[in-house]
Amino acid sequence: MKNKLLLLALFIGFSKAIYSQSTCNTAITITAGTYNFASVNGTEVPTPVCASGGAGATAGYWYKYTPTQNYFVTITTDFPINNGIDNRVHIYTGNCGSLSCIAGDDDSGSGLLCVASFNATANTTYYIAFDNLWNNSGFTFELIEGTPPPAPPVTFSPQSFSNIIGDYKIAVADMNGDYLDDIVSVSSNNIYILYQQNNGSFNAVSFTTTTAANLPSWSMAIGDYNKDGYNDLLYGGGAGVSFFYSNNTGTSYTHFTSGNYVFSQRSNFVDINNDGHLDAFVCHDVAPNVYFLNNGSGGLTFHQGGMGDHVEGGNYGSIFIDYDNDGDQDLFIAKCRGGASTAKINELHRNNGNGTFTNVSAAANLNHPNQTWSSAWNDFDNDGDMDVIIGVTSFTDGGNLYMSNNGN
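Residues numbered from 1 in each chain as written. Predicted model: local features only at pLDDT ≥ 70, side-chain atom pairs only at ≥ 80, totals over all residues. Heavy atoms only, no water.

1. Side note on the overall build of the protein chain
Keep this limit in mind: Strands are runs of DSSP state E lasting at least two residues, helices are runs of H or I lasting at least four, and both sets are numbered from the N terminus onward. Here the radius of gyration uses the C-alpha set of atoms, whereas the globule reference equals 2.2 Å times the residue count to the power 0.38. The classification of residues rests on relative accessible area computed with a 1.4 Å probe and restricted to protein chains. Under 20% of the type maximum is buried, over 50% is exposed, and intermediate values are partly exposed.
If you tally the helices and strands in the protein chain, you get one helix and 28 strands. The C-alpha atoms of the protein chain give 35 Å as radius of gyration, which overshoots the globular expectation for 408 residues (22 Å, by more than 25%). Oriented by its inertia axes, the alpha-carbon framework of the protein chain measures out at about 115 × 50 × 35 Å. A total of 408 residues make up the protein chain; the buried ones form 45% of that total.

2. As for the state of the cysteines
Worth spelling out the cut-off: Two cysteine sulfurs form a disulfide in these notes if their separation is within 2.5 Å.
For the structure shown, the criterion picks out two disulfides. Shown here for the protein chain is a disulfide pattern of 1-3, 2-4, where each number marks a bonded cysteine counted in sequence order. For Cys114, which is in no disulfide, the shortest distance to another cysteine sulfur is to Cys50 and amounts to 12 Å. You can call Cys114 buried: its relative accessible area is 0%.

3. Comments concerning the pairing of strand β6 (residues 98–105)
Our working definition: DSSP calls a pair of strands paired once it identifies at least 2 bridges connecting them.
Where strand β5 (residues 88–95) meets β6, seven bridges bridge the pair, whose relative direction is antiparallel. Of the residues in β6, the one forming a bridge with Thr93 is Ser100. Between β5 and β6, which pair antiparallel one after the other, the connecting turn spans two residues, and Gly97 there sits at a positive phi close to 90 degrees.

4. Description of the environment of Asn273
Rules: Working rule for contacts: check all heavy atoms of both residues, and any pair within 4.5 Å makes them a contact.
With respect to the element layout, Asn273 can be found in the loop between β18 (264–270) and β19 (279–284). Along the chain, Asn273 and Tyr245 lie 28 residues apart, while their C-alpha atoms are 21 Å from each other. If we skip the residues at most four places from it in the chain, Asn273 touches Asp279, Leu293 and Gly355.

5. Things to note about the sheet that holds strand β16 (residues 241–246)
Short version of the rule: Lines fitted to C-alpha atoms define the axes here, with helix axes fitted over just the stretch in contact, and angles between the N-to-C directions of these axes take values from 0 to 180 degrees.
The strand order across the open sheet built from four strands is β14-β15-β16-β17, with neighbouring strands paired in antiparallel fashion. A single partner strand is all that each edge strand has here, and the edge strands are β14 (219–223) and β17 (253–257). Recorded for the sheet is a direction-independent mean angle of 20 degrees between the axes of neighbouring strands. Where strand β15 (residues 232–236) and β16 come together, four bridges link them in antiparallel fashion. Pairing of Leu233 across the sheet is with Phe244, part of β16.

6. Remarks on the environment of Val262
One can find Val262 in the loop between β17 and β18. On the accessibility criterion, Val262 (1% relative accessible area) is buried. In this structure, Val262 is in contact with Gly237, Gly238, Ala239, Gly240, Val241, Val282, His284, Val290 and Phe302, ignoring residues within four places of it in sequence.

7. Quick look at the sheet that holds β6
Pairing in this open sheet of five strands is mixed, and the strands run β1-β3-β8-β5-β6 from one edge to the other. Of all the strands in the sheet, the pair left with one neighbour each is β1 (28–29) and β6.

8. Overview of the packing of aromatic side chains
In plain terms, the rule: The aromatic pairing rule takes the rings of Phe, Tyr and Trp, using the six-membered ring of Trp, and pairs them if the centres are within 6.5 Å, calling planes under 30 degrees apart stacked, those over 60 edge-to-face and the rest tilted.
Inspection of every chain in the model, using the stated rule, returns 27 aromatic pairs. Relative to Tyr63, the ring of Phe37 lies with its centre 6.3 Å away and its plane at 45 degrees, an arrangement referred to as tilted. Placement of the pair is Phe37 in strand β2 (residues 33–39) and Tyr63 in strand β3 (residues 60–65), with a sequence separation of 26 residues.

9. A short note on the side chain of Ser185
For the record, the criterion: Any pair of N or O atoms that falls within 3.5 Å is considered a polar contact. Within protein, one atom must be able to donate a hydrogen and the other to accept it, and sequence-neighbouring residues count only if both atoms are side-chain atoms.
Along the chain, Ser185 turns up in strand β11 (residues 182–187). On the basis of relative accessible area, Ser185 is assigned to the buried category, the value being 1%. Among the polar contacts made by the side chain of Ser185, one reaches the main-chain carbonyl oxygen of Ile165 at a distance of 2.6 Å. In this structure the side chain of Ser185 is engaged in a polar contact, spanning 3.4 Å, whose partner is the backbone oxygen of Tyr168.

10. Re unusual backbone geometry
Cis peptide bonds are those with omega within 30 degrees of zero, and the linkage from Thr47 to Pro48 qualifies with 0 degrees. With respect to the helices and strands, Pro48 occurs in the loop between β2 and β3. One non-glycine residue, Tyr179, lies in positive phi territory at about 70 degrees. Note that Tyr179 resides in the loop between β10 (168–173) and β11. Despite not being glycine, Asn365 has its phi angle at roughly 60 degrees, a positive value. Structurally, the position occupied by Asn365 is in the loop between β25 (357–359) and β26 (371–378).

11. What to know about the confidence of the model for the protein chain
So the rule is basically this: Per-residue confidence from the prediction method is given by pLDDT, with values spanning 0 to 100.
Scored by pLDDT, the protein chain comes out at a mean of 89, with 91% of its residues at no less than 70. Within the protein chain, helix α1 (residues 2–19) has the poorest average pLDDT of any element, 37, and strand β8 (residues 126–131) the best, 98. With pLDDT under 50 throughout, residues 1–19 is counted as low confidence; its partners more than four residues away or in other chains account for three contacts.

12. Section: the pattern of salt bridges
To keep things clear, this is the line we draw: Whenever Lys or Arg places a side-chain nitrogen within 4 Å of a carboxyl oxygen from Asp or Glu, that contact is recorded as a salt bridge.
Throughout the structure, instances matching the rule amount to three salt bridges. Here Arg88 and Asp131 are joined by a salt bridge, their closest N and O atoms 2.7 Å apart. Pair noted here: Arg88 is in strand β5 and Asp131 is in strand β8, with a separation of 43 residues, a long-range link. Looking at Arg88, the relative accessible area reads 1%, which means it is buried. Taking relative accessible area as the criterion, Asp131 reaches 3% and is therefore assigned buried.

Okay, here's the thing in structure tokens:
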């Protein structure tokens, strides 16, 4: 009698094990590891079909998996012990009765075995179901948790602006202080601004100006140097510099030029003398650099020298950065002159905090004799100091340069 009861108990236990994985609602919870079962004999056919081969299965076998963190998960039956077995897997998210495919496979493994992978999100439940489309044989499978792959690269969508007019379509800046970047284009008698709206559209406005003495054939800088809440413009030409400063409502612009000869290459609005007012700096191609100091009322005074004094100029790509972390803006000049001239040696000028600058190029190991046009500064190695990549057009001591700041 005891033997009969034991056999009955074993039979009941075996029947319960089969039933517990026969439907989505009774799917057994699994974690990373290896599993096996004797036969695909569950009563619920996996639907929808997530792998090739189409419909036709009459049974399924169900599991569910909920990761505790993000993983790149692989479900595989590709083991020698499964040779000769043809199986298929479907992987879902959602609720039983309303499932959505996220992965599936039929024959990606060796022979007729399957391998399916997907990005699993922490605390999301996934249903894993095998069916008997090709045969009912049981098999061994493994759930593998791996490191998620990097996010896919950012993609960009083109947007055309047929309503941009003007001869120099070269600037993007927030022109009206609403924290949205606008598109700026200029001509000799007009400033055209496409003001960005909150919905991403643009509203085009044209401002008529007096004729510009110099056009931005070489450079343009934008900044609110008269502090009225609207950005002003600097046009850098081959013979001089023109400024157009806004009125206090941003509805008109007034022209100003010093009349000094400047072969402008790069222009910057920056507080040179640390008095809280934006000044203007202009790289001079054929002479020492020039700058315009702001008197605090929007008046600009011309100065030359003290920030790149080579008699031949050669000044091309000026950029202001705080490379020594002392709170003021220092100057790096990418030098463009070719040939044997020393005007091709790059320059780093440290801001002394009192309106003067010191050339520290040699001490900083940035006095490279390459013909360069530009540089890009950032803390590339995340050590708290600004580093630099210098673009090289033609070179004597290497290609493009990456210089790491050691903080000294």
